[in-house]
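The primary structure of each chain is shown beneath.
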Amino acid sequence: MEIADLAARLACVRRTWTPRQRLHVGNVAWADAHGDGTPVPDITLAWGDPLTGFADIWKPSGTDDQPATASLHLTPQTTSTRLAAAVDDLLQLTPRITVDVSRQHTDLVNALTARGLRESGGPWFAQLWRGLTDLSDLAAHPVPDGYSIRPVRPDELTARVGIHRRCWAPARIRTLLSLPVTGAEPGSSYSTDKHHAVTNTPVYRGELDLVAVAADGSFAAFGLGWLDVTSGSVLFEPVGTDPAHERRGLARALCAAILRTARDLGATQAVVGPRGDPGYPVPRRLYEGLGMREVAQFVPFSTG
Ligand SMILES: CC(C)(COP(=O)(O)OP(=O)(O)OC[C@H]1O[C@@H](n2cnc3c(N)ncnc32)[C@H](O)[C@@H]1OP(=O)(O)O)[C@@H](O)C(=O)NCCC(=O)NCCS
């Protein structure tokens, strides 16, 4: 994406942010770097000047009889008429579509249901939140013996990409999803190019790109925090622990370190968006153990 377009999206999301909004500046930056593995969208839409809404649309692949998928952001101040017009724009381009929305953005939910879209079931995401005024409870999540937690250094790019790839290997995620692993799964798509893209986004902060280092010097876990100084909010996206080091409290200790650093940089609140349905429960358990509680639900609506 052009730098000006990214800047406009970041400004749009930042201007109206509340914990119930589906996108935080960190989500926008992370998606722009394609860190989450999503391909470049087939179509993008933008509304308003300055920007008041935007959408990315991915068409189904050639033989696939699936609806298109869309990521849609419209500011909470968008009038019902403009919401309806934006939904019409989407449907004109792709009459069959699935789009995730915050259940708490009732005007948007109403605009979608008025045009026949219905909540489609299946995986959904929860927004978990906590305040950062009192962090004394985080003392319950110390760094496990034998590890240290610190910001990654710029000269550690290969190791930083490596720990992401081990944590997010598709076979490992399938195991956490209780799905069969065949051994034919591809590797993670995360790469040095993607991490460069992440670090080049205007909201990346090296102080919030943390790694847990094992006794042998290898990286055992990582976590990236995205700080929005305007709203004083920090988002975790993503977090991972190498399967060889899991279930020792590393991810909780690392997230606790991000929260402390973010608070020192001016954050007053933190959010994270794990799966809300029971199909992938570990991340939600991780963050709830840090005192984060559900404040919104991001659910798929579909034309069917
Ligand atoms: C989610 C993840 C980061 C947890 O890392 P971790 O270092 O093992 O987590 P912790 O040891 O701090 O444990 C946090 C909680 O998760 C639970 N947990 C961790 N792994 C688990 C597993 N495989 N099954 C069940 N519970 C698990 C722990 O028991 C603990 O909960 P509890 O204290 O209530 O019992 C790790 O599994 C991972 O990298 N997963 C793949 C990437 C991912 O999903 N990241 C999170 C979304 S951004």
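Nothing here was measured: the structure is a model prediction, and the numbers come from that model.

Conventions and cut-offs
Residue numbers restart at each chain and count upward from 1, following the sequence in its written direction. Thresholds applied to this predicted model are a pLDDT of at least 70 for local features of residues and 80 or more for the giving and counting of side-chain atom pairs; totals over whole chains, interfaces and linings are not thresholded and use all residues. Hydrogens and water molecules were not included; the side-chain quantities draw on all heavy atoms of the structure. Secondary structure follows DSSP: runs of H or I at least 4 residues long count as helices, runs of E at least 2 residues long count as strands, and numbering of each begins at the N terminus. For the radius of gyration, the atom set is restricted to C-alpha positions; the globular benchmark scales as 2.2 Å times the number of residues to the power 0.38. Burial here depends on accessible area, computed with a 1.4 Å probe over protein chains only, as a share of the maximum for the residue type. Under 20% is buried, over 50% is exposed, and the range in between is partly exposed. Residue contacts follow a heavy-atom distance rule, with two residues in contact if any of their heavy atoms lie within 4.5 Å. Shrake-Rupley sampling with a 1.4 Å probe provides the accessible areas, and residues are treated as covered by the protein chains on show and by no other component. Source of the domain bounds: an automatic or database domain assignment. Using a 1.4 Å probe, buried area is obtained as the accessible area two parts lose upon being combined, added over both of them. The salt bridge definition used is simple: a Lys or Arg side-chain nitrogen within 4 Å of an Asp or Glu carboxyl oxygen. Under the rule applied, a polar contact is a pair of N or O atoms within 3.5 Å (in protein, one hydrogen donor and one hydrogen acceptor; residues adjacent in sequence only if both atoms are side-chain atoms). Among buried residues, the Ala, Val, Leu, Ile, Met, Phe, Trp, Tyr and Cys ones that are joined through side-chain atoms within 4.5 Å form a nonpolar core. Only a single heavy atom is needed: when it lies within 4 Å of a molecule or strand, its residue is near that molecule or strand. Gly is placed with the polar residues, together with every amino acid not listed as nonpolar (Ala, Val, Leu, Ile, Met, Phe, Trp, Tyr, Cys and Pro) or charged (Asp, Glu, Lys and Arg). UniProt positions are given in the numbering used here, feature names are shortened, and annotations may be inferred rather than shown by experiment. Note on geometry: axes are lines fitted to C-alpha atoms, helical ones only across the stretch in contact, with angles between N-to-C directions running from 0 to 180 degrees. Angle categories are assigned with fixed cut-offs, so that under 35 degrees is roughly parallel, over 145 is roughly antiparallel, 65 to 115 is roughly perpendicular, and the rest are oblique. Throughout, a crossing is termed right-handed when the near helix is turned clockwise from the far one, and left-handed when it is turned anticlockwise from it by less than a right angle.

Explanation requested: the overall build of the protein in the structure shown.
If you tally the helices and strands in the protein, you get nine helices and 12 strands. For the protein, the C-alpha radius of gyration of 19 Å lies close to 19 Å, the compact-globule estimate for 304 residues. Overall size of the protein, expressed as C-alpha extent along the three principal axes, is 55 × 45 × 35 Å. The buried share among the 304 residues of the protein stands at 50%. Sequence separation of 24 or more characterises 70% of the internal contacts of the protein that already satisfy a separation of 6 or more. Surface exposure of the protein reaches about 14100 Å², of which carbon and sulfur atoms provide 54%.

What should I look at first to understand the domain arrangement of the protein in this one?
Many authors give the size of an interface as the accessible area that is lost as the parts come together. What the domain assignment lists for the protein is domain 1 (3–124) and domain 2 (129–298). Facing the 24 residues of domain 1 at the interface are 30 residues of domain 2. Summed over both partners, the interface of domain 1 with domain 2 comes to about 2400 Å²; 67% of that surface belongs to carbon and sulfur atoms. Per-residue buried area on domain 1 facing domain 2 is highest for Trp17, Trp30 and Trp124; these three make up 32% of the total on that side. Applying the counting criterion to the domain 1 and domain 2 interface returns one salt bridge. Counting the contacts that link domain 1 with domain 2 gives eight residue pairs in polar contact (both at pLDDT 80 or more). Looking at the side of domain 1 that touches domain 2, the elements with two or more residues in it are α1 (3–15), α2 (25–32) and β4 (97–102).

Which parts of the structure should I look at to understand the nonpolar core?
One broad trend across soluble globular proteins is that nonpolar side chains are buried collectively. Formed by 59 residues in total, the largest nonpolar core has its most connected members in Val234, Phe236 and Tyr287. Per-domain counts for this core show at least three residues from each of domain 1 (3–124) and domain 2 (129–298). The residues contacting Phe236, other than those within four sequence positions of it, are Leu224, Cys255, Ile258, Leu259, Val271, Val272, Tyr287 and Met292. Of all hydrophobic cores here, the second largest spans 29 residues; its members include Trp17, Val161, Val203 and Tyr204.

What's the story with the site of the ligand in this structure? I'm lost.
In the neighbourhood of the ligand, 21 residues make up the surrounding shell, with Thr241, Arg247, Gly249, Arg252 and Tyr280 lying closest. Within the backbone of Val239, a nitrogen or oxygen atom sits 2.9 Å from a nitrogen atom of the ligand. Within the backbone of Arg248, an N or O atom sits 3.3 Å from an oxygen atom of the ligand. Relative to its unbound accessible area of 910 Å², the ligand is 83% covered by the protein chains. Within the residue set of the shell around the ligand, elements represented by two or more residues are α6 (170–176), β10 (233–241), α8 (250–264) and α9 (282–288). When its residues are assigned to classes, the shell around the ligand shows 12 nonpolar, three polar and six charged.

Quick question: what am I supposed to make of the UniProt feature "domain: N-acetyltransferase" (unreviewed entry) in the protein here?
Annotation from UniProt places "domain: N-acetyltransferase" (unreviewed entry) at residues 147–304. Counted over residues 147–304, helix gives 31% and strand 27%. Its end C-alpha atoms are 49 Å apart.

Please explain the packing of helix α3 (residues 80–93) against helix α4 (residues 106–114) as it appears in this structure.
Relative orientation and spacing of two packed helices are given, respectively, by the angle between their axes and the distance between those axes. In contact at an axis separation of 9 Å, α3 and α4 are set at 50° when each is read in the N-to-C sense. As far as their axial angle goes, α4 and α3 are oblique. As for the relative orientation of α3 and α4, their crossing is right-handed in sense. Contacts between α3 and α4 involve Leu83, Ala84 and Val87 from the former and Asp107, Leu108, Ala111 and Leu112 from the latter. Considered class by class, the residues forming the contact of α3 with α4 number six nonpolar, no polar and one charged.

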